[in-house]
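Inside the fold
Letter by letter, the chains look like this.
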Amino acid sequence: MAAADPASAGPAWDWDVRDPEVQADQLRAYDRMRAGCPVAHSEHLGWSVFRHADVEAIALDHATYSSRVSAAHPAVPNGYDPPDHDEYRTLVDRYFDDGDVAGYASSFQTIARELTDALPDDADVEFIDGFALDYALRTQQAWLHWPDYTQLALRDWVARNQRATLAGDRAAIEEVARDFDDTVRRVIADRRAQPATSSGSGSGSGDDPTSRLLRETIDGEPLSEELIVSILRNWTVGELGTMAASVGILVDHLARHPDLQESLRNSPEELTAAIDEILRIHSPLVSNRRVTTRPVELGGRRIDAGERITIFWASANRDEAVFGDPDAYRPEVNAPHNVLYGRGIHACPGAGLARLELRVALSALLAGTRRMELVPGPPDYAAYPASGFHTLLLRITR
């Protein structure tokens, strides 16, 4: 990870996110890059940006840093720029209305309690596969009212996509995308074939998100199947990994800080602020991509038009220039600068839904246990582009 001369505009590579030293502990690697080479060039990612000020500036300047980074699989709406972005963002925002989101609390609570009750008492459990991923899959299915077969497809997608992305295998990435798109198209075909029915496991009610999308229009025209697939892909594969990672990160942090764990057990009203701050310290979403529309200078580096930019949220949220000690837990002080859910026109539309899911999960875990402890051993971190933990061994005491 040796840094090149920051004034250089040459093609030399400053770092490699796939380096075993980086993968061993992504957060510490990003801390080192932020200090030594805050705008870094690499073969795999183009230009990586690590400082809070630079990340925020890029996120707020969509004219210079375009989100149209993929012609093959543009994400709707966050893969668009204005003016195309705006109508689609307005459409998508309707699905995350605070009142509608609150209506899912009961079903999420049932899922969280069932999974918590299934955890073994006074025994070791692998928490990612044994709780976090199941919780992410089941709450997503509850929100979308998708059939059971999609859980298997999504679980498979998570593993295959992470392997392909880390390897930089474009053919494998395309294959994984096509396979999951086929699953989404199957759901769409099921909805089109079914009349509105009463809500049930995997059945559409006529008001479920997929059925509603089939009735949406832009400029008086129905959404094409390609656009519907893109939106649903973004809501599923785009969020599943970060939700599972978030639950694992939160529990790991509380297991490492038993005083905070006990404090939140006794003061659940503080959970929302605590969750945002813990996920600032260890971000579940590592990065997003942009492409320059004109030549720019960033962190002393000269970057041409058409260059790939990777903004590292996971680094920006640990920037000492903004937060001081990045590992210090200070929810009230740090909240205004926390970029957990992004910045600008592409800030996460589902932030309210995510906060509800996380608050419900942690509430159930804290209420259903007396203590959550880490099993001794080195952390098994997830590999980029994922965050959090590949596995997380816990001991639960009720």
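Structure's up top.
Definitions and cut-offs
- Residues numbered from 1 in each chain as written.
- Predicted model: local features only at pLDDT ≥ 70, side-chain atom pairs only at ≥ 80, totals over all residues.
- Heavy atoms only, no water.
- Pairing = 2+ DSSP bridges.
- Helix = DSSP H or I, 4+ residues; strand = E, 2+ residues; numbered from the N terminus.
- Contact = heavy atoms within 4.5 Å.
- Axes fitted to C-alpha atoms, helices over the stretch in contact; angles between N-to-C directions.
- Buried < 20%, exposed > 50% of the residue type's maximum accessible area, 1.4 Å probe, protein only.
- Polar contact = N/O pair within 3.5 Å; in protein donor to acceptor, adjacent residues only side chain to side chain.
- Salt bridge = Lys/Arg side-chain N within 4 Å of Asp/Glu carboxyl O.
- Arc of directions from axis to C-beta.

The strand order across the open sheet built from five strands is β1-β2-β10-β7-β3, with neighbouring strands paired in mixed fashion. The two strands at the open ends of the sheet, each matched to only one other strand, are β1 (39-42) and β3 (65-66). In terms of strand pairing, strand β7 (residues 287-292) meets strand β10 (residues 308-312) through five bridges, oriented antiparallel. Paired with Arg-290 across the bridge in β10 is Ile-309. Across the sheet, helix α3 (residues 52-60) lies against β1, β2 (46-49), β3, β7 and β10, angled at about 120 degrees from β10, the strand it touches most.

Moving on: the sheet that holds strand β4 (residues 123-126). Spatial ordering of the open sheet is given by β4-β14-β11, a layout of three strands whose pairing is antiparallel. The open sheet has two edge strands, β4 and β11 (371-374), and neither has a second partner. Neighbouring strand axes in the sheet, compared pairwise and without regard to direction, differ in orientation by 35 degrees on average.

What follows concerns the side chain of Asp-276. Looking at where Asp-276 falls in the secondary structure, it is placed in helix α13 (residues 271-281). Residue classification places Asp-276 among the buried positions, given a relative accessible area of 15%. At 2.7 Å, the side chain of Asp-276 forms a polar contact with the side chain of Arg-355. The residues contacting Asp-276, other than those within four sequence positions of it, are Asn-338, Leu-340, Tyr-341 and Arg-355.

With that settled, consider the side chain of His-85. As for its placement among the helices and strands, His-85 is situated in helix α4 (residues 84-93). Relative accessible area serves as the criterion here: at 3%, His-85 is assigned to the buried category. Within the local environment of His-85, its side chain forms a polar contact with the backbone oxygen of Ile-345, the two atoms lying 3.3 Å apart. Setting aside residues no more than four positions away along its own chain, His-85 makes contact with Pro-77, Tyr-80, Ile-345 and His-346.

The next thing to look at is the pattern of salt bridges. Within this structure, the stated rule accounts for 34 salt bridges. For the salt bridge of Arg-301 with Asp-14, the shortest nitrogen-to-oxygen distance reads 3.1 Å. Here Arg-301, found in strand β9 (residues 301-303), pairs with Asp-14, found in the segment before α1 (20-24); they are 287 residues apart in sequence, far enough to count as distant. We classify Asp-14 as buried; its relative accessible area is 1%. Glu-56 is the partner of Arg-343 in a salt bridge, and the nearest nitrogen-oxygen pair spans 2.8 Å. Here Arg-343, found in the loop between α16 (331-334) and α17 (351-367), pairs with Glu-56, found in helix α3; they are 287 residues apart in sequence, far enough to count as distant. According to the relative accessible area criterion, Glu-56 is partly exposed, its value standing at 24%. Look at the salt bridges and you will find they share partners, linking Asp-25, Arg-28, Asp-31, Arg-34, Arg-318, Glu-320 and Asp-327 into a network.

For the bond from Val-76 to Pro-77, the omega torsion is 5 degrees, close enough to zero to count as cis. By the element assignment, Pro-77 lies in the loop between β3 and α4. Following Pro-82, the chain continues to Pro-83 via a peptide bond in cis, the omega torsion being 5 degrees. Tracing the backbone shows Pro-83 in the loop between β3 and α4. At His-145, a residue that is not glycine, the phi angle is positive and equals roughly 60 degrees. Within the secondary structure layout, His-145 lies in the loop between α7 (127-144) and α8 (149-167).

Time to look at α4. Within α4, burial applies to His-85, Tyr-88, Arg-89, Leu-91 and Val-92. Buried residues of α4, viewed axially, fall in a sector of 160 degrees; they line one side.

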